[in-house]
Amino acid sequence: MSMAAEVDVAAGALLTVWDGARERTANRISTAQLRAVMLVEQQDGINLRRLAAGLDMLLSSASRLCDRLVAAGMLEREPGRADRREISLHLTAEARSLLDELREDRRQHLAAILADMTPEGREALLRGLREFDEAARARVVRPVSPLVPQPDEPDTGHLSEVRDVVDAPLSWSNGETAVFRTA
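Conventions and cut-offs
Residues numbered from 1 in each chain as written. Predicted model: local features only at pLDDT ≥ 70, side-chain atom pairs only at ≥ 80, totals over all residues. Heavy atoms only, no water. Helix = DSSP H or I, 4+ residues; strand = E, 2+ residues; numbered from the N terminus. Buried < 20%, exposed > 50% of the residue type's maximum accessible area, 1.4 Å probe, protein only. Core = buried A, V, L, I, M, F, W, Y, C linked by side-chain atoms within 4.5 Å. Contact = heavy atoms within 4.5 Å. Expected span 1.5 Å × (residues − 1). Salt bridge = Lys/Arg side-chain N within 4 Å of Asp/Glu carboxyl O. Bend = angle between axes of the 7 residues up to and from the residue. pLDDT = per-residue confidence, 0-100. Axes fitted to C-alpha atoms, helices over the stretch in contact; angles between N-to-C directions. Parallel < 35°, antiparallel > 145°, perpendicular 65-115°, else oblique. Nonpolar A, V, L, I, M, F, W, Y, C, P; charged D, E, K, R; others polar.

Digging into unusual backbone geometry
Excluding glycine, residues mostly have negative phi values, and the peptide bonds linking residues are mostly trans. Its identity as a non-glycine residue notwithstanding, Asp56 has a phi of 55°, on the positive side. Its location among the elements puts Asp56 in the loop between helix H3 (48-55) and helix H4 (59-71). Given the relative accessible area of 72%, Asp56 is considered exposed.

Next up, the structure:
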């Protein structure tokens, strides 16, 4: 079996943890809505055009999605300071709470699984994930469109979830990380 095939199989367990946490929030927010909430969290004040581009959807679809999120109490719209016709999007306390709950659920499940591993295995996993993230980021081709928001600086809190799991019950080191943070 190739290395890629082995990683694909092994990553299935990690994806199961992610999907399980996502399933436990499904009664409150759809997958598309969660993606939108996560993007607004990453880029507070994002406008509707950039949200649509970031979600790879039509502007009209993104607008309807935002309407549903506003009605559900997950997003707030605020008129732009420079141009009042442009609306900026912000998370509500309820949306932040949902994301915190989702992440805590994942961390608890990850901590239980990590506790069954040897300290050496945990360290190797973390090192491997960091290196994988760096290699994956080097391959990402940035879109040229000005509608797609680009971070000004690299995010330095990337693997905070793994670090939180590591720091809490397993007492791992607190090194810099580089894995894209998801809900």
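Alright, that's what it looks like, and here's the rest.
Considerations on the nonpolar core
One finds Val37, Val40, Leu51, Leu69 and Leu91 to be the most contacted residues of the largest nonpolar core, which totals 22 residues. Of all the elements, helix H2 (residues 31-42) adds the most residues to this core, at six residues. Setting aside its immediate chain neighbours within four residues, Leu91 contacts Val37, Val40, Glu41, Asp44, Met74, Leu75, Arg96 and Leu99.

Overview of helix H5 (residues 93-115)
Under the 1.5 Å per step criterion, the end-to-end length of H5 is 32 Å for 23 residues, consistent within 8% with the ideal 33 Å. Those residues of H5 that sit buried are Ala95, Leu98, Leu99, Leu102, Arg103, Asp105, Arg106, Arg107, Leu110, Ala111 and Leu114.

Things to note about the pattern of salt bridges
Applying the stated criterion across every chain yields a total of five salt bridges. Among the ionic pairs, Asp105 bridges to Arg24, the shortest N-O distance being 2.6 Å. Within this pair, whereas Asp105 is found in helix H5, its partner Arg24 is found in the loop between helix H1 (3-23) and H2, the two being separated by 81 residues in sequence. The exposure class assigned to Arg24 is partly exposed, which follows from its relative accessible area of 42%. Between Arg77 and Asp67 there is a salt bridge, and its shortest N-O distance comes to 2.3 Å. Of this pair, Arg77 sits in strand S1 (residues 75-79) while Asp67 is found in helix H4, placing the two residues 10 residues apart along the sequence. We classify Asp67 as partly exposed; its relative accessible area is 36%.

Some details on H1
If you check H1, its first and last C-alpha atoms are 30 Å apart, about what 21 residues at 1.5 Å a residue would give, namely 30 Å. Gly12 marks the point of greatest bend in H1, at about 30°. Residues of H1 that are buried make contact with H2 and H5.

Some thoughts on the confidence of the model for the chain
Overall, the predicted model of the chain reaches an average pLDDT of 79, with 76% of residues at or above 70. Of all the helices and strands in the chain, helix H7 (residues 160-167) carries the lowest mean pLDDT, 37, while H4 carries the highest, 96. Every residue in residues 143-183 is under pLDDT 50, and counting partners more than four places away or in other chains gives 88 contacts.

Points about the packing of H2 against H4
Viewed as axis vectors pointing N to C, H2 and H4 meet at an angle of 85°, and their least axial separation amounts to 10 Å. Judged by the angle between their axes, H2 and H4 are roughly perpendicular. Between H2, through Ala32, Gln33, Ala36 and Val37, and H4, the contact on the second element is made entirely by Leu65, Arg68 and Leu69. Of the residues assigned to the contact of H2 with H4, the class counts are five nonpolar, one polar and one charged.

Observations regarding the environment of Val17
Inspection of the secondary structure assignment puts Val17 in helix H1. Aside from chain neighbours lying at most four places away, what touches Val17 is Arg106, His109, Leu110 and Ile113.

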